[in-house]
Amino acid sequence: MSALKDQLRADLTSAMRQQDEVRVATLRMVLTAVTNEEVAGDVARELSDDDVQAVLRREGKKRREAATAFADGGRDERAERERAELAVVEEYLPTQLDDDALAALVTAAIAETGAAGPAGMGTVMKVVQPQVAGRADGGRVAAEVKRQLASG
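Residues numbered from 1 in each chain as written. Predicted model: local features only at pLDDT ≥ 70, side-chain atom pairs only at ≥ 80, totals over all residues. Heavy atoms only, no water.

In the annotation of an unreviewed UniProt entry, the chain is listed under the name GatB/YqeY domain-containing protein and assigned to Angustibacter luteus.

Here is the structure:
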């Protein structure tokens, strides 16, 4: 069984004892998403830690987008709730790369591949994506690659 899934369950129990309502709701939601992923498809399966992290990234992205949508709609209280849930989800994800670290990885990938101009974007992305897996949003990576290829 996934160690990360076990950690989520243990933390849920702890949060219930502490009566931390946001944490309980968020961890229940994440564990439900993990269970749904396990039974999706033709055959039920146990998720690995990497699979659980993929579910966590997806749930984090949902919370981020929902917080933005609520904030844009003037529902600040609801946006704050989404941001609180996002903070709980992010505790279980690898630390995100900062802009400088991401830029350095992209620069190295461009040098390695010799890519130039917009046509080289796919080549650079193939090199960068495995290096940043789970530590940077794909859209953020693509934007940095595009920026460097356009200026270089």
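Read on, since the account is not over.
### Description of the packing of helix H2 (residues 21–39) against helix H4 (residues 76–90)
Look at H2 against H4: their axes get within 9 Å of each other, and the N-to-C directions meet at 65 degrees. Judged by the inter-axis angle, H2 sits roughly perpendicular to H4. Read as a crossing pair, H2 and H4 show a hand that is right-handed. Where H2 approaches H4, its residues Glu-21, Val-22, Arg-23, Ala-25, Thr-26, Leu-27, Met-29 and Val-30 are matched on the opposing element by Arg-81, Ala-84, Glu-85, Val-88 and Val-89. Looking at the contact of H2 with H4 residue by residue, the classes come out as eight nonpolar, one polar and four charged. (Axes fitted to C-alpha atoms, helices over the stretch in contact; angles between N-to-C directions. Helix = DSSP H or I, 4+ residues; strand = E, 2+ residues; numbered from the N terminus. Parallel < 35°, antiparallel > 145°, perpendicular 65-115°, else oblique. Left-handed = near helix turned anticlockwise from the far one by under 90°. Contact = heavy atoms within 4.5 Å. Nonpolar A, V, L, I, M, F, W, Y, C, P; charged D, E, K, R; others polar.)

### Some details on the packing of H2 against helix H3 (residues 49–72)
Their axes nearest at 10 Å, the elements H2 and H3 cross at an angle of 125 degrees. Overall, the two elements H2 and H3 adopt an arrangement that is oblique. Relative to H3, H2 is oriented so that their crossing is right-handed. Across the interface between the two elements, Met-29, Val-30, Ala-33, Val-34 and Glu-37 of H2 pack against Val-52, Val-55, Leu-56, Arg-58, Glu-59 and Arg-63 of H3. Of the residues belonging to the contact of H2 with H3, the class tally is seven nonpolar, no polar and four charged.

### So, the nonpolar core
Leu-8, Val-30, Val-52, Leu-56 and Tyr-92 are the most contacted members of the largest nonpolar core, which totals 19 residues. Setting aside its immediate chain neighbours within four residues, Val-52 contacts Ser-2, Leu-4, Lys-5, Leu-8, Val-34 and Leu-47. Grouped together as the second largest cluster of nonpolar side chains are 17 residues, Leu-102, Ala-115, Val-128 and Ala-142 included. (Core = buried A, V, L, I, M, F, W, Y, C linked by side-chain atoms within 4.5 Å. Buried < 20%, exposed > 50% of the residue type's maximum accessible area, 1.4 Å probe, protein only.)

### A short note on helix H1 (residues 3–18)
Taking 1.5 Å per residue, 16 residues should reach 22 Å; H1 reaches 22 Å between its end C-alpha atoms and fits that length. Residues of H1 that are buried include every one of Leu-4, Lys-5, Leu-8, Asp-11, Leu-12 and Ala-15, and no others. In an axial view of H1, the angular spread of the buried residues amounts to 120 degrees, which keeps them on one side of the axis. Sitting at the amino-terminal end of H1 is Ser-2, which places a side-chain oxygen 3.3 Å from the backbone nitrogen of Leu-4. (Expected span 1.5 Å × (residues − 1). Arc of directions from axis to C-beta. Polar contact = N/O pair within 3.5 Å; in protein donor to acceptor, adjacent residues only side chain to side chain.)

### Considerations on unusual backbone geometry
A negative phi angle characterises most non-glycine residues, just as the trans form characterises most peptide bonds. Not every positive phi belongs to a glycine, and Gln-19 is a case in point at roughly 55 degrees. The class of Gln-19 is exposed, set by a relative accessible area of 71%.

### A short note on H3
Relative to the 34 Å expected for 24 residues at 1.5 Å per residue, H3 spans 34 Å between its end C-alpha atoms, a close match to the ideal helical length. Within H3, burial applies to Val-52, Val-55, Leu-56, Glu-59, Gly-60, Arg-63, Ala-66 and Ala-67. Buried residues in H3 make contact with H1, H2 and H4.

### Structural notes on the pattern of salt bridges
Enumeration according to the criterion identifies 16 salt bridges in this entry. Lys-62 is the salt-bridge partner of Glu-59, the closest N and O atoms lying 3.2 Å from each other. Here Glu-59 pairs with Lys-62, and both are found in helix H3, just three residues apart, close to one helical turn. Of the residues examined, Glu-59 reaches a relative accessible area of 6% and is grouped as buried. One salt bridge in this structure joins Glu-80 and Arg-83, with 3.0 Å as the shortest N-O distance. Here Glu-80 and its partner Arg-83 are both found in helix H4, three residues apart, which amounts to about one turn of the helix. A single network of salt bridges, built from pairs that share partners, joins Glu-21, Glu-59, Lys-62, Arg-63, Arg-78, Arg-81, Glu-82 and Glu-85. (Salt bridge = Lys/Arg side-chain N within 4 Å of Asp/Glu carboxyl O.)

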